[in-house]
2 protein chains.
Amino acid sequence: MTPEALTPERILEATEDVLRRYGPAKATVVDVARALGVSHGSVYRHFRTKAALREAVTERWLQRTVDELAEITGGSQRPAPEKLRQWLSALFEAKRRKAGADPELFETFGVLIGGNSTVVEEHIAELVGQLSEIVEEGVQAHEFVPVEPQGAARAVFDATTRFHDPAYAPEWSKPGIDAEFAAVADLCLRGLTARPADESAG
Amino acid sequence: MTPEALTPERILEATEDVLRRYGPAKATVVDVARALGVSHGSVYRHFRTKAALREAVTERWLQRTVDELAEITGGSQRPAPEKLRQWLSALFEAKRRKAGADPELFETFGVLIGGNSTVVEEHIAELVGQLSEIVEEGVQAHEFVPVEPQGAARAVFDATTRFHDPAYAPEWSKPGIDAEFAAVADLCLRGLTARPADESAG
């Protein structure tokens, strides 16, 4: 590849391949450059350090899930409760798919993510931000009770931890996990859509 | 100590001390016997293997939390929603106290527990069983909506994972964690106490 054809995206693709093949401990910038047929100087021109390259590839990996979920968040056809349930299912499915289809890469990113709490915090903030938009829509449409969207979104995200935190990946293939997920999603939905028994009795 | 005075409880106390001092990798039955001033044969008369002794000491450690929570579960003075909230807070507090007051021992038991999934499953079943009793009380008193108690209890337990699973212990000292806990507990409580908006509108 000529240095001119070398884009950040091509470098990140190659980095992901290299990480998949060698694992996070052994993968080097030289491996990435070799896979692309360029000098390591060309790679460093786009990513100034190995740490910067690793951060970028991790962000890109997490961003795929964010983008996928954004399509649900941005869709305006359906009621908020239904959208919220679909979003939570899609998050669980996306994480489970990543963990199941390519366990080595999933573990590799687990290691990279473990070493960079800022990237994780930003990722979680983006996801909670999307949830918050859905909650706000529902509150405005009177489909949800009047909650503070950001706080309620965070509570729903926390309540579904078992179904998106990679630490639980080994449990995602167990029988019964889908029913457990549905029960927690139901509980959250009821918590957001329902009025206190006292009020309905009045 | 004479062999006659040696009870299982004394052995388990000593084992906990030895584990605290040497850690799970180094602690031996001989250390336990030495701490008690008896022969290791006397210890083996009560616990036939090192594995059996470790399992018993782990169960005892987990049982303390179960017993503490059973007092809330068994109390009959208060309404179920209040009891449920108190129970969830007490579980979070008990785990956090164990993690904070004696981090080495907490980590030690984390290692022992990691090697014995049956003990963990039984512990979780006991906790969910207690929660289930509270949910059932609330359903019978019409304080909760008519849910299947065991399933609803499991959903509440899963939804509060972040606040009792030892894997999250490092987050329990962060500022804001109490507010996050309260928000998730609120969401669960609303999910159990509230009727769907549709019904209340009818």
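All values derive from a computational prediction rather than experimental measurement.

Asks: Whenever I open this one, the overall build of chain A confuses me. Can you help?
Replies: Assigned secondary structure in chain A consists of ten helices and one strand. For chain A, the spread of C-alpha atoms along the three principal axes comes to 75 × 35 × 25 Å. In chain A, buried positions account for 49% of the 202 residues. At a minimum sequence separation of 6, the contacts of chain A that also span at least 24 residues come to 68%.

Asks: Got a minute to help me understand the domain arrangement of chain A in this structure?
Replies: It is common to give the size of an interface as the accessible area lost on bringing the parts into contact. All names here are of chain A. The domain boundaries assigned to chain A delineate domain 1 (1–48) and domain 2 (61–195). Distance from the C-alpha centre of domain 1 to the C-alpha centre of domain 2: 32 Å. If you look at the interface, domain 1 gives five residues, while domain 2 gives eight residues. Around 560 Å² of area is buried between domain 1 and domain 2 when both sides are counted, 64% of it from carbon and sulfur atoms. Looking at the side of domain 1 facing domain 2, the largest losses of area belong to Glu16, Arg20 and Pro24, adding up to 79% of the total buried there. The closest approach of N and O atoms between arginine 64 and glutamate 16, which form a salt bridge, is 2.5 Å. Run the count over domain 1 and domain 2 and you get two residue pairs in polar contact (both at pLDDT 80 or more). Grouping the amino acids of the side of domain 1 that touches domain 2 by side-chain chemistry returns two nonpolar, one polar and two charged.

Asks: Looking at this model, I keep getting lost on the interface of chain A and chain B. Mind explaining?
Replies: Contact residues are listed per partner, giving 26 residues for chain A and 26 residues for chain B. Our count for the contact surface shared by chain A and chain B stands at two salt bridges. Where A:Asp158 meets B:Arg162, a salt bridge forms, and the shortest distance between an N and an O atom there is 3.4 Å. Inspection of the chain A/chain B interface yields six residue pairs in polar contact (both at pLDDT 80 or more). Contributions of two or more residues to the side of chain A that touches chain B are made by α8 (149–159), α9 (177–193), β1 (194–196) and α10 (197–201) of chain A.

Asks: Sorry if this is basic, but what is going on with a negative patch on the surface here?
Replies: Residue and element names in this part refer to chain A. A contiguous patch of negative charge on the surface is contributed by Glu55, Glu59, Asp67, Glu71, Glu121, Glu122 and Glu126. Among the elements that line the negative patch, the one with the most residues is helix α4 (residues 50–74), at four residues. With respect to the helices, strands and loops of the structure, glutamate 122 is situated in helix α7 (residues 117–140).

Asks: Is there a simple way to explain helix α8 (residues 149–159) of chain B in this structure?
Replies: Since one α-helical turn is 3.6 residues long, residues separated by three or four positions face the same way. Buried residues dominate α8(B), accounting for eight of its eleven residues. Where α8(B) is buried, its residues meet α8 and α9 of chain A together with α5 (80–101), α7 (117–140) and α9 (177–193) of chain B.

Asks: Would you mind going over the confidence of the model for chain A with me for this structure?
Replies: Detailed reading of the predicted coordinates is not advisable wherever pLDDT is low. Residues and elements named next belong to chain A. With 96% of its residues at a pLDDT of 70 or more, chain A has an overall mean of 91. The element-level mean pLDDT for chain A is lowest in α10, coming to 45, with α8 highest at 97. Confidence drops under pLDDT 50 across residues 197–202; counting only partners more than four residues distant or on other chains, this segment forms five contacts.

Criteria and thresholds
Residues numbered from 1 in each chain as written. Chains lettered and ligands numbered in written order. Predicted model: local features only at pLDDT ≥ 70, side-chain atom pairs only at ≥ 80, totals over all residues. Heavy atoms only, no water. Helix = DSSP H or I, 4+ residues; strand = E, 2+ residues; numbered from the N terminus. Buried < 20%, exposed > 50% of the residue type's maximum accessible area, 1.4 Å probe, protein only. Contact = heavy atoms within 4.5 Å. Domains from an automatic or database assignment. Buried area = accessible area lost by both parts, 1.4 Å probe. Salt bridge = Lys/Arg side-chain N within 4 Å of Asp/Glu carboxyl O. Polar contact = N/O pair within 3.5 Å; in protein donor to acceptor, adjacent residues only side chain to side chain. Nonpolar A, V, L, I, M, F, W, Y, C, P; charged D, E, K, R; others polar. Patch = residues over 30% accessible without salt bridge, like charges linked within 9 Å, V, L, I, M, F, W, Y side chains within 5 Å. Areas by Shrake-Rupley, 256 points an atom, 1.4 Å probe, with all protein chains shown as cover. Lys, Arg positive; Asp, Glu negative; His and termini not counted. Charge placed at Lys NZ, Arg CZ, Asp CG, Glu CD. pLDDT = per-residue confidence, 0-100.

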